[in-house]
Amino acid sequence: MTDHVLGAISVAAVHEGGVRDVIGLLVSRPERHRSLVAGARGRGIPIEVVDPPVLDALGSGHGGIAATVGPRRFHDLADLPMGSPPFVAHLDGIEDPFNFGQAVRSLHAAGCDGAVLAPRNWTTATATVTRSSAGATEFLPMAIAEAEDVVALAHDRGLAVVAGAAVPGAVDLWDLDLTGPLLVLVGGERRGITRSVLRQVTPVRVPYGRPWDRSLGTVAATTAIAFEVARQRRH
């Protein structure tokens with residue numbers, strides 16, 4: 001099964017990320033994308049010069065270039081690369097592919113080692129998630145597993161497990177030591193993280209600067225937690 005990524009950033013990411021095959025390059029103005037065209041030619045990737053309407057039919061925001069790609073390759077859960085100390089995230093139930101890409105973008109930028117995705121995820125919406133993540137979905141190592149299996153493996157390997165959840169008893173994010181081995185659970189916009197999983201982890205809330213009874217969206221909460229991890233580990 002093939003798909004397409006659109007725009008220079010996404011095309012560069014699939015070339016560099018190495019997690020999927022690049023089958024062909026479609027370009028309407030080769031002179032605007034000399035380095036990408038040269039890189040594809042050097043890899044033996046077929047290049048087709050097409051009229052702009054051909055790219056328009058694939059989607060908006062192509063900027064005159066697109067790539068035909070194969071499916072993404074994933075790690076086995078047990079083999080997901082981890083740093084020292086590990087920082088891994090599990091994404092489950094995100095209902096919008098743009099939000100999924102943005103969440104991955106924040107995790108990658110904050111230094112997360114890898115992401116574990118629920119079996120039902122947005123990686124098949126290749127063009128949207130690649131573009132919204134600025135290519136991060138092509139660079140962040142990923143595995144697929146259910147939350148229960150991820151939490152069990154984390155406990156076996158000595159990782160602390162925290163979950164962004166505004167529930168009674170949640171701990172303020174700033175009061176936690178996040179410098180050790182860590183798994184962060186990120187739930188979706190509507191159904192969040194299941195109660196059976198929450199009973200096995202430490203729920204955390206993001207402290208607000210004013211009284212406010214609305215929870216943050218998935219992307220904002222993921223970004224706040226990921227960069228608090230990065231801040232603590234830096235200092």
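Following the sequence through the fold, Thr68 ends up in strand β4 (residues 65-69). Under the relative-accessibility criterion, Thr68 is labelled buried at 15%. Side-chain polar atoms of Thr68 contact the side chain of His4, separated by 3.2 Å. In contact with Thr68, other than residues within four places in its own chain, are Thr2, Asp3, His4, Asp21, Val22, Ile23, Gly24 and Leu26.

In this structure the tally under the stated criterion is 3 cavities of 30 Å³ or more. For the largest cavity, the calculated volume is near 80 Å³. Lining of the largest cavity is provided by Leu77, Leu80, Met82, Val88, Val116, Val150, Leu153, Ala154, Arg157, Leu159 and Leu183. Broken down by element, the lining of the largest cavity gets its largest block of residues, 3 residues, from helix α6 (residues 147-156). Its residues placed into classes, the lining of the largest cavity shows 10 nonpolar, no polar and 1 charged. By volume, the second largest cavity is sized at about 50 Å³. What lines the second largest cavity is simply Leu91, Asp92, Gly93, Ile94, Phe100, Leu117, Ala118, Arg120, Asn121 and Trp122. Residue composition of the lining of the second largest cavity, grouped by class: 6 nonpolar, 2 polar and 2 charged.

The next thing to look at is the nonpolar core. Counting residues in each nonpolar core, the largest one holds 29 residues, and the members touching the most others are Phe87, Leu91, Phe100, Val104, Leu107, Leu182 and Val184. Secondary-structure elements contributing two or more residues to this core are β5 (87-92), α4 (97-109), β6 (114-117), β10 (182-187) and α8 (218-234). In terms of residue count, the dominant contributor to this core is α4 (4 residues). Every residue in contact with Val184, bar those within four places of it in the chain, is listed here: Phe87, Val88, Ala89, His90, Val162 and Ile225. Grouped together as the second largest cluster of nonpolar side chains are 20 residues, Leu77, Leu80, Leu185 and Leu198 included.

Turning to the pattern of salt bridges, a few remarks are in order. Tallied over the entire structure, the rule returns 6 salt bridges. We note a salt bridge from Glu228 to Arg231, for which the minimum N-O separation is 2.8 Å. Residue Glu228 and its partner Arg231 are both found in helix α8; the two are separated by 3 residues, about one turn of the helix. By relative accessible area, Arg231 is classed as partly exposed at 42%.

Turning next to the sheet that holds strand β8 (residues 160-164). The strand order across the open sheet formed by 7 strands is β7-β6-β5-β10-β8-β11-β9, and the pairing between neighbours is parallel. Either end of the sheet is taken by a strand with one partner, and the two such strands are β7 (142-144) and β9 (171-172). For β9 and strand β11 (residues 202-205), the ladder comprises 2 bridges, and the chain directions are parallel. Paired with Val171 across the two strands is Val204, which belongs to β11. Packing of α6 onto the sheet brings it into contact with β5, β6, β8 and β10, and relative to β10 it is tilted by some 165 degrees. Contacts from α8 reach β5, β8, β10 and β11 within the one sheet, and its direction differs from that of β10 by about 165 degrees.

Calculation rules
Residues numbered from 1 in each chain as written. Predicted model: local features only at pLDDT ≥ 70, side-chain atom pairs only at ≥ 80, totals over all residues. Heavy atoms only, no water. Helix = DSSP H or I, 4+ residues; strand = E, 2+ residues; numbered from the N terminus. Buried < 20%, exposed > 50% of the residue type's maximum accessible area, 1.4 Å probe, protein only. Polar contact = N/O pair within 3.5 Å; in protein donor to acceptor, adjacent residues only side chain to side chain. Contact = heavy atoms within 4.5 Å. 1 Å grid on protein atoms, 1.4 Å probe; cavity = no way out; pocket = protein on both sides within 12 Å on 5 of 7 lines; lining within 4 Å. Points joined across faces, edges and corners; volume = space filled by probe spheres on them. Nonpolar A, V, L, I, M, F, W, Y, C, P; charged D, E, K, R; others polar. Core = buried A, V, L, I, M, F, W, Y, C linked by side-chain atoms within 4.5 Å. Salt bridge = Lys/Arg side-chain N within 4 Å of Asp/Glu carboxyl O. Pairing = 2+ DSSP bridges. Axes fitted to C-alpha atoms, helices over the stretch in contact; angles between N-to-C directions.

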